[in-house]
Amino acid sequence: MGIESSTTTATSAAAIGLREAKKRETRQLISDRATELFITQGFEQTTIAEIADAARVAKKTVTNYFPRKEDLAFDHQDEFVAGLARTVAAREPGESALAALRSSFLSAVRAQDPVAGFAGPEFTRMIAQSPTLTTCLRGLHDQREDALAAALAEATGADPGDITPRTAASLLGGVHRVLFRRIQELTLAGHTNSEIASVLEGEATEAFTLLEPALSDYAR
């Protein structure tokens with residue numbers, strides 16, 4: 001490959017990189033402006049046109065990045081849905097699914113991770129006050145549980161139709177639902193993230209311990 005060809009390739013790669021960076025910036029800008037509007041005037045009351053105006057983009061640009069209005073509020077939903085399944089897939093050799101998920105959740109609590117529920121009072125209140133977002137959040141929990149069940153089936157080599165992975169996913173996913181809701185409750189009650197993390201450290205440990213009789217060796 002000649003010098004001219006190498007230069008052209010590098011220039012093209014740089015241009016692609018800049019375009020992708022611009023897309024990410026535009027997506028984040030739209031999401032940020034939408035969240036600001038949702039918080040100040042309510043999710044249901046906010047229109048796509050208002051979001052487009054606030055972000056200084058066309059309405060079509062908003063819907064190209066976010067096909068559903070709910071996607072603007074839950075812009076980390078892919079990470080949320082896939083998180084438990086990824087934890088199971090990445091667990092250490094000999095580590096059970098329960099142990100891996102417990103360790104991962106406690107790490108998220110210590111980091112006060114927004115995906116785990118530490119979203120702050122304004123965002124949490126926005127969800128709680130919106131029937132649409134509350135319903136959407138339940139659906140995301142369901143999707144996360146389904147993804148976990150698939151990961152557990154693969155990890156254990158379960159036969160198609162085996163109810164065990166789905167049952168285990170329901171138990172493990174249920175604990176995560178309870179703890180997520182607990183973080184929301186404490187947030188809406190006026191506690192700081194640091195205070196909530198302190199409470200959740202003990203409560204999460206207790207909640208996961210309740211599953212040990214059934215799941216301590218599952219998917220080890």
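Residues numbered from 1 in each chain as written. Predicted model: local features only at pLDDT ≥ 70, side-chain atom pairs only at ≥ 80, totals over all residues. Heavy atoms only, no water.

By the secondary structure assignment, Arg144 is in helix α8 (residues 131-156). Buried within the structure, Arg144 lacks any salt-bridge partner; its nearest side chain of opposite charge belongs to Glu145, at an N-O separation of 7.8 Å. Residues within four places of Arg144 in sequence aside, it is in contact with Phe80, Val81, Leu84, His176 and Arg177. (Helix = DSSP H or I, 4+ residues; strand = E, 2+ residues; numbered from the N terminus. Buried < 20%, exposed > 50% of the residue type's maximum accessible area, 1.4 Å probe, protein only. Lys, Arg positive; Asp, Glu negative; His and termini not counted. Salt bridge = Lys/Arg side-chain N within 4 Å of Asp/Glu carboxyl O. Contact = heavy atoms within 4.5 Å.)

Relative to the elements of secondary structure, Thr187 occurs in helix α9 (residues 163-188). In this structure Thr187 comes out as buried when scored by relative accessible area, which is 4%. Every residue in contact with Thr187, bar those within four places of it in the chain, is listed here: Gly120, Pro121, Thr124 and Ile196.

Of the pockets and cavities examined, the largest pocket occupies roughly 420 Å³. Around the largest pocket sit 21 residues that line it, and Ala73, Asp75, His76, Pro114 and Phe123 are the ones nearest its centre. Contributions of two or more residues to the lining of the largest pocket are made by α1 (3-41), α5 (77-89), α7 (121-128), α8 and α9. Sort the elements by how many residues they give to the lining of the largest pocket and α1 lands first, with four residues. In terms of residue class, the lining of the largest pocket is built from 11 nonpolar, eight polar and two charged. (1 Å grid on protein atoms, 1.4 Å probe; cavity = no way out; pocket = protein on both sides within 12 Å on 5 of 7 lines; lining within 4 Å. Points joined across faces, edges and corners; volume = space filled by probe spheres on them. Nonpolar A, V, L, I, M, F, W, Y, C, P; charged D, E, K, R; others polar.)

Attention now moves to unusual backbone geometry. Despite not being glycine, Gln112 has its phi angle at roughly 55°, a positive value. By the secondary structure assignment, Gln112 is in the loop between α6 (97-111) and α7. Look at Ala219: it is not a glycine, yet its phi comes out positive at around 60°.

This part takes up the nonpolar core. If you look at the biggest cluster of nonpolar residues, it comprises 31 residues, and the most contacted ones within it are Phe105, Leu148, Leu152, Leu172, Leu179 and Leu200. Of all the secondary-structure elements, those providing two or more residues to this core are α5, α6, α8, α9 and α10 (193-209). When residues of this core are assigned to their parent elements, the largest contribution, seven residues, is made by α9. Counting residues in hydrophobic clusters, the runner-up holds 24 residues, among them Ile30, Ala73, Phe74 and Leu133. (Core = buried A, V, L, I, M, F, W, Y, C linked by side-chain atoms within 4.5 Å.)

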